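Tertiary structure, described
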Amino acid sequence: MSTVLSLEHLSVALKRGRGRPISVLDDISLTVNAGEMTALVGESGSGKTIASLGVIRLLPRSAEITGKVMLAGTDLAALTESQMRKVRGRDIGMVFQNPLSALNPTTRVGNQIAEVYRLHTGESDRAARARARELLGEVGIPDPAERLDDYPHQFSGGMRQRVMIAMALACSPKLLIADEPTTGLDLLVARQILTLLSRLRREHSMGVLFITHDLSIVEEHADQVHVLYAGKSVEWGGARSFFAQPRHPYSQALLGAVPRLGQARLASIPGNLPDPESRPPGCRFAPRCAFREPACETAYPAPDTTGGTIFACRRAREINPAALLDAVTPEAAPAAPVNRATALEVTALGVDYERTATSFIQGVLGRKDKMRALEDISFTLGQGECLGIVGQSGSGKSTLGRAVLQMIPYQGHVILNGEAFDAMPRAQRKPARRRIQVVFQDPKESMNPRMRIGDIIAEPLKLAGIRSKRARVDQTVALLDRVGLSDRMINLFPGSVSGGQAQRIAIARALATNPGIIVLDEPTSSLDVSTQALLLNLLKDLARQDGLSYILISHDIAAVSYMADRIAVLNGGRMVEFGAAQEVLTSPRNAYTRELIAASPHFRTNQPGGALDIMEFLPSTAQPSAV
Amino acid sequence: MSNSLATAITAPGGALRRSAAERAAMWLGDRGTLVTGLVLAVLILGFSLLGPYLYTASPYAIHGHHALQGPSATFPLGTDQIGRNELARLIAGGYATLIVSIPAAILTFGLGIVYGLAAALSPSWIDKVLMRVLDAILALPGLVVLIFFSALFQPGNFELILLLGLTSWPGLARIVRNEAIAQRNRDFILATRQFGGGTWYVARVHILRVMAPILVVNATFLVGDMVLALSGLSFLGLGVQPPYTSWGGLLQTGLNLIALDPWWMILPAGLMIFLSIMAANLIGQGLLARFGAAR
């Protein structure tokens, strides 16, 4: 097996303003072999993207780089910029997270792919176009010849990512760097992209450096795993031994934080990533580690190479893996007495979307096409119950949430505590709407960036008629406390808090009007896995304490299964499956539900606790559909 | 790229600690454009508004023996064709220009914001009507309308403010409307509505706040536009009326006598117009860069 890429003791320090350089990547060594996939795993701030930019030499000029980057025997650091330009795209293909911003919206995809090929090979336009068609077919786009002349916006998210991969493959590179290519995609689509990458790397014996924050997604595909924490490698080695038994407490917690089918409580990591300027001198994970001892805090542990994987932890040998997982899995809050009175009832709900007519003549005439976004949805939501709504993008799940929230017009009835919204007098509708609140996917987008956190949380109080400023401040502090944040947040702007903190603030604000029901629209899908775990645990505790009802909308059936009492599966605007969570998960009646289940991370049999392996009762016929 | 990387590495911990001197140097370093504009604006405002108190020579007194003289100790910027003190007239002209331009800019600003927000937040048929009205107004050439009305009646300062204000708002209204439409369905607006926030509450508290950078920048550009429009009008003899004068009027008088080469009657007035528009634009550009970085 030949090595395509090897990083040897790569360190990167970045300068900011006139300050001294700050180390963001510290002594990383890893290899990618031909035909294999190395997963570089870490959460935001771990330095994983810096590492990939270091390989393709796209770091800012002020960056101080030491160590070696060897691509198939050539030291990339020794190349001139113009030689390096030839390497990028020809020897190294790149795929980024957001394909829509990586593709030029005004150029046909065929031309974009052909351009890369022409640039590096000097072939004719005709040959380049033929190559583009061949590539589109290779990445699994149906009717490649016809789609060559389409624009990026005419493709779905998953298809766009396939186009990006086709571009990256144009010159048959030795190495493909994929930086979070599946983040933001539905799980089903993400799995298909990974399967595609795995097939391509084998067929072309190309090395893949796959950068991700989600360990579970690479479980079946990676050959090697390299876990980064705060710019340092904490554990690395063969994927098989890693997933069989991760040794470092951080790797353990990271894996335990991924919601898996049938899991009772998620592992979580307390605290925050250390500030790059004031990192602990010893093990960087020590301040958040349940097993730290004084020695951990003074010196960085030497890598331990005696086991299956290499890990930098002085205590891993003594720790029993079961105890480790227990230590990072917090206790659940005591449950409030269950009172299953009906909080919300939805009957025969339908939503039409108007879109401007596609033909020019119809547009001139002002004709609009009607599109059925939701059809005949009925369900009830009990007090203190969590109803999970699962489906892919475009299934109508967010539309359902918006209809329940009275944000868009709909047919049918939404009945809150026995009173239908459409039957209420106008004056009553406003206070009734306050009883249903919402938490959106992107917490920063859900807050005015120019308002202070304190004002953001106090806004619903103000609108609800609480006039005394003192009272509002007191309640704001109490709300912050309920979601586990300090009152020091009050004077900050949303831009200066982390994603997880921002989502807690959004939850605090939703709680301010004391609603009975909260619609959670993909509340964790823009967050790191460990943050997601903390947040799901918090939501669960809040519901138990106060008898809150949730409508949890998500594409991730595992996350939903962790929260929901009942699950509804939407596909193409219709409810294709509805029932108790356990029942839907263990004996899904619908083929689409089975696909969703097959795509989600599964409970591992070798994990302590001896829970059921959900794979046992899954039908093996689940076929992934075309994206 | 370097920007996002820099934020990425400092995000968890917050700001860096720096000495006051370093901070001041960085502040200036980033804000060259803005500071230059502000200094220029303060100088021009001081010249025009405080000038009459510091340099008390009359702009109207006629010194018959000294007509059309170049700069001297008595008349630092010379005299005009009937012997009036050019420096005093430049100061008076500045005062007359700014006393009209700034209120006119404020009027334009208010009208543009209200009209734009009303269109963006109304039901779509009202929006359509308001926008067609706007198109109709935009189709009229602004300067020609101005000339028409100022020729119809001899405008005083108040009428000039009204005229300039009432003819200049459509551009801003369109910017405000488009921006408000881009903002109105953002998640935080939807969340506010869910708490019971009404249309005008949303407009006032959220949309205006998010648009603040664009608005501030446009306000500075508007002042520049107004100075230019008023100077243009006065140059054509339709703005500030004699014996009062404005920079545009001074420029016109000087250009009428260009055959006699009275550079002191042309250069200072032209320079003041140029500098005040440049000051407004520098401030606008500087603010734009600042807000752009903050986004």
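Residues numbered from 1 in each chain as written. Chains lettered and ligands numbered in written order. Predicted model: local features only at pLDDT ≥ 70, side-chain atom pairs only at ≥ 80, totals over all residues.

As a further point, take the UniProt feature "domain: ABC transmembrane type-1" (unreviewed entry) in chain B. Annotation from UniProt places "domain: ABC transmembrane type-1" (unreviewed entry) at residues 94-284 of chain B. Split by type, residues 94-284 of chain B is 84% helix and 0% strand. Its first and last C-alpha atoms lie 21 Å apart. (UniProt positions renumbered as here; feature names shortened; annotations may be inferred. Helix = DSSP H or I, 4+ residues; strand = E, 2+ residues; numbered from the N terminus.)

Before going further, it helps to examine the sheet that holds strand β2 (residues 22-33) of chain A. Residue and element names in this part refer to chain A. Strand order in this open sheet of four strands is β2-β1-β4-β5, and the pairing throughout is antiparallel. The sheet is open, and its two edges are formed by β2 and β5 (74-75), each paired on a single side. Of the strand pairs in this sheet, strand β1 (residues 3-14) and strand β4 (residues 64-71) are connected by seven bridges, and their pairing is antiparallel. Counted as the bridge partner of Glu8 is Lys68 from β4. (Pairing = 2+ DSSP bridges.)

So, about the nonpolar core. By size, the foremost hydrophobic cluster in this structure holds 247 residues, and its most contacted members are Ile113(A), Leu175(A), Phe210(A), Tyr550(A), Ile551(A) and Leu552(A). The contacts of Ile551(A), once residues within four sequence positions are left out, are Leu381(A), Leu387(A), Ile389(A), Gly401(A), Val404(A), Ile517(A), Val519(A) and Leu520(A). (Core = buried A, V, L, I, M, F, W, Y, C linked by C-beta atoms within 7 Å. Buried ≥ 20, exposed ≤ 12 C-beta atoms within 10 Å, placed from the backbone. Contact = placed C-beta atoms within 7 Å.)

Turning to the packing of helix α16 (residues 453-463) of chain A against helix α18 (residues 499-512) of chain A, a few remarks are in order. Residue and element names in this part refer to chain A. With their axes 7 Å apart at the nearest point, α16 and α18 run at an angle of 25 degrees to one another. It follows from the interaxial angle that α16 and α18 lie roughly parallel. Crossing of α16 over α18 shows right-handed handedness. Residue-level contacts link Ile453, Ile456, Ile457, Pro460 and Leu461 of α16 to Ile505, Ala508, Arg509 and Ala512 of α18. Its residues placed into classes, the contact of α16 with α18 shows eight nonpolar, no polar and one charged. (Axes fitted to C-alpha atoms, helices over the stretch in contact; angles between N-to-C directions. Parallel < 35°, antiparallel > 145°, perpendicular 65-115°, else oblique. Left-handed = near helix turned anticlockwise from the far one by under 90°. Nonpolar A, V, L, I, M, F, W, Y, C, P; charged D, E, K, R; others polar.)

Residues and elements named next belong to chain A. You will see that His9, though not glycine, has its phi angle at about 50 degrees, which is positive. When you line up the elements, His9 lands in strand β1. We classify His9 as exposed; it has 11 C-beta atoms within 10 Å. Of note, Glu180 is a non-glycine position whose phi angle comes to about 50 degrees, a positive value. Secondary-structure assignment places Glu180 in the loop between β7 (175-179) and α8 (187-203).

Residues and elements named next belong to chain A. On the basis of which strands lie adjacent, the open sheet formed by seven strands has the order β6-β7-β8-β3-β9-β10-β11 and mixed pairing. The sheet terminates laterally at β6 (92-95) and β11 (309-311), the two strands that pair on one side only. Neighbour-to-neighbour, the strand axes of this sheet turn through a mean angle of 15 degrees, independent of strand direction. Direction of pairing for strand β10 (residues 232-238) relative to β11: antiparallel, over a ladder of three bridges. The partner of Gly237 across the bridge, within β11, is Thr309.

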